Amino acid sequence: MSVPATGMFRSLRGYNYRVWVGGAFVSNIGTWVQRTAQDWLVLTVLTQHSAAAVGLVMALQFGPQFLLLPWTGFAADHLDQRKLLIATQAAMGVLALALGVLTVSGRVQLWHVYGFAFLFGSAAAFDAPVRQVFVAQLVGDADLGNAVALNSTSFNAARMIGPAIAGLVIAAIGTGWAFLINGASFVAVLVSLLSLRARELHPQPRARRTTGSFTEGFRYVWARGDLKAILIMLFLIGTFGLNFPIFISTMAVSVFHADARGYGLLSSIMAIGTVSGALLSAGREQPGFPALLVGACLFGIGCALAAIAPGYWFFAAALVLIGVAALTFTNTTNSLMQLSTEPNMRGRVMALRIGVAMGGTPIGAPIVGWVADHMGPRWALGVGAASGFAAAIVALVFLEKSRHWRQASDRRAD
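A brief report on the enclosed structure follows. Quantities reported herein were computed from a predicted structural model and do not represent experimental measurements. (Residues numbered from 1 in each chain as written. Predicted model: local features only at pLDDT ≥ 70, side-chain atom pairs only at ≥ 80, totals over all residues. Heavy atoms only, no water.)

## Describing the nonpolar core
Keep this limit in mind: For this analysis, a nonpolar core means a set of buried residues of the types Ala, Val, Leu, Ile, Met, Phe, Trp, Tyr and Cys, connected via side-chain atoms within 4.5 Å. Burial classification: accessible surface area is computed with a 1.4 Å probe over protein chains only, and a residue below 20% of its type maximum counts as buried, one above 50% as exposed, and the rest as partly exposed. The way it works is that DSSP assigns letters per residue, a run of H or I at least four long becomes a helix, a run of E at least two long becomes a strand, and they are numbered from the N terminus.
Ranked by internal contacts, the top residues of the largest apolar core, which has 118 residues, are Y17, F289 and F315. Looking at which element gives the most residues to this core, the answer is helix 6 (residues 110–139), with 14 residues.

Listed below in structure tokens is the structure:
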């Protein structure tokens, strides 16, 4: 059994993890360039500032996380994870290039964006759970929590860079080129996957192919009170809180009347908070349920402050707090669920986690978009604040029940 090293960046001592993070960082920058450009294209070019249309794009992009749940978890637990990642990353790169060509040629229509969002989301549905559990092969269980947090640091460091690049690209040469940049960025992660040293990977126990393996994952989670509480919290915040494309774009355009560069800057400023939250998680030795409570509370407070922001820079400051809270919460759920789950069940459990966190978007994003269109962006942020406070209540209830269970167990032991 490997002994964990200490330090915030301890996972980077391994060659495979360094190569993976480097390739993923380049690709993540491209991902944020595309996300920013896609929201801007829908909101300002293909519609008359329709938040509902942005919400529908989000629903189509994240809906497959839930719809394909029986197959994505099975694939992560049973198929060759490295080969599956190569296939999903290549597919997403091709889709980004195709959307870029349509947009640059001036032929893109709203229904094209809807279709590509669904196809991209379908590829991502298979990619996300295997990408998360593949980290254990790169570093082993000893440094898994640290590696998960550093992955988020990479993703959100890219979030500081990508939206700013998108704003500059859109203003200078047009939205379509942002999609082409993302398509090209997938080359980096594909090269990193092909460059890994197979002999230095940490093989994980594989699940046996049996009938009912999907329902087995449900039964496993249902029998665990801690996992159920985490999934409920994820559903609340994932469905009604993690709708940043709607929150940021509508506040930027409708309230502060910002241009593409101002919108991209807000997304980059939020990433300062998300990177800070990811680094805090990386420095934490062991994840715990109290961190989930703190993250949920801070998320609610941040959204409430953003909702009442009197100006652009106050809103930007509130986004930093939201970013810290969101990453503290999501990273802790990731680490807790992986470390407390049997290795041969991780793919299915993580697919459930992603399905619940992202699969609620088809419900929440259109609702939040409707609220933003009919009641104003500030009320939409109020919905996000309520989701954070509701999740905090779930955490408090679980912690109180856990305290009673421990006291009852101690009495029986005496």
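## Thoughts on the layout of surface pockets
Condition: For each structure, a 1 Å grid was placed over the protein atoms alone; sets of points admitting a 1.4 Å probe that cannot get out are labelled cavities, open sets with protein on both sides within 12 Å along at least five of seven lines are labelled pockets, and lining residues have an atom within 4 Å of a point. Grid points are joined across faces, edges and corners, and a volume is the space filled by probe spheres set on the points.
In this structure, the second largest pocket encloses a volume near 200 Å³. Contributing to the lining of the second largest pocket are F66, L69, F218, V221, W222, K228, L231, I232, F235, L352 and V356. Counting residues per element, the ones that place at least two in the lining of the second largest pocket are helix 9 (213–222), helix 10 (225–240) and helix 15 (346–359). Looking at the lining of the second largest pocket element by element, the count peaks at four residues for helix 10.

## Remarks on the packing of aromatic side chains
Worth spelling out the cut-off: Note on aromatic pairs: the rings of Phe, Tyr and Trp (six-membered ring only in Trp) are paired at centre separations within 6.5 Å, and the planes decide the class, stacked below 30 degrees, edge-to-face beyond 60, tilted for the rest. Comment: the charge-over-ring label is applied if NZ (Lys) or CZ (Arg) is within 6 Å of the ring centre and within 35 degrees of the ring normal.
One pass over the structure, following the stated rule, counts eight aromatic pairs. Taking the centre distance of 5.6 Å and the plane angle of 45° together, the rings of F256 and F315 count as tilted. Taken as a pair, F256 in the loop between helix 11 (244–255) and helix 12 (260–283) and F315 in helix 14 (residues 312–339) lie far apart in primary sequence, 59 residues in all. By relative accessible area, which is 0% here, F315 ends up buried. The ring of Y15 carries the charged tip of R197 above its face, separated from the ring centre by 3.6 Å. Just above the ring of W222 sits the side chain of K228; from NZ or CZ to the centre is 4.4 Å.

## So, the pattern of salt bridges
Our working rule: Any Lys or Arg side-chain nitrogen located within 4 Å of an Asp or Glu carboxyl oxygen qualifies as a salt bridge.
Using the criterion set out here, one finds four salt bridges in the structure. A salt bridge links D226 to R224, with the shortest nitrogen-to-oxygen separation between them at 2.9 Å.

## Quick notes on the side chain of S122
Formally: Two residues form a contact once any of their heavy atoms are found within 4.5 Å.
Secondary-structure assignment places S122 in helix 6. Relative accessible area serves as the criterion here: at 17%, S122 is assigned to the buried category. Leave out the neighbours within four places in its chain, and S122 touches P64 and L68.

## Considerations on unusual backbone geometry
A positive phi angle, near 60°, is found at H49, a position not held by glycine. Positionally, H49 belongs in the loop between helix 1 (15–46) and helix 2 (51–62). Of note in the backbone geometry, H257 takes a positive phi value of approximately 55° without being a glycine. Looking at the secondary structure, you find H257 in the loop between helix 11 and helix 12.

## With respect to the state of the cysteines
By definition, a disulfide links the sulfur atoms of two cysteines through a covalent bond. Note the following rule: To count as a disulfide, a pair of cysteine sulfur atoms needs to be within 2.5 Å.
Throughout the structure, instances matching the rule amount to zero disulfides. The thiol of C297 is not disulfide-bonded; the next cysteine sulfur, from C303, is found 13 Å away.

## A word on the side chain of T341
When you line up the elements, T341 lands in the loop between helix 14 and helix 15. What T341 contacts, discounting residues up to four positions off in sequence, is Y220, L227, R346 and V349.

## With respect to a nonpolar patch on the surface
This is how the line gets drawn: Like charges are joined within 9 Å and nonpolar side chains (Val, Leu, Ile, Met, Phe, Trp, Tyr) within 5 Å, but only among residues with over 30% relative accessible area and no salt bridge; these make up the patches. Here the accessible surface of atoms and residues is derived via Shrake-Rupley with a 1.4 Å probe, and residues count as covered only by protein chains that are part of the display.
On the surface, M160, I161, I165, I181 and I272 cluster together into a nonpolar patch covering about 340 Å² of accessible area. Residue contributions to the nonpolar patch peak at three residues, all from helix 7 (residues 144–172). Assignment of secondary structure puts I161 in helix 7.

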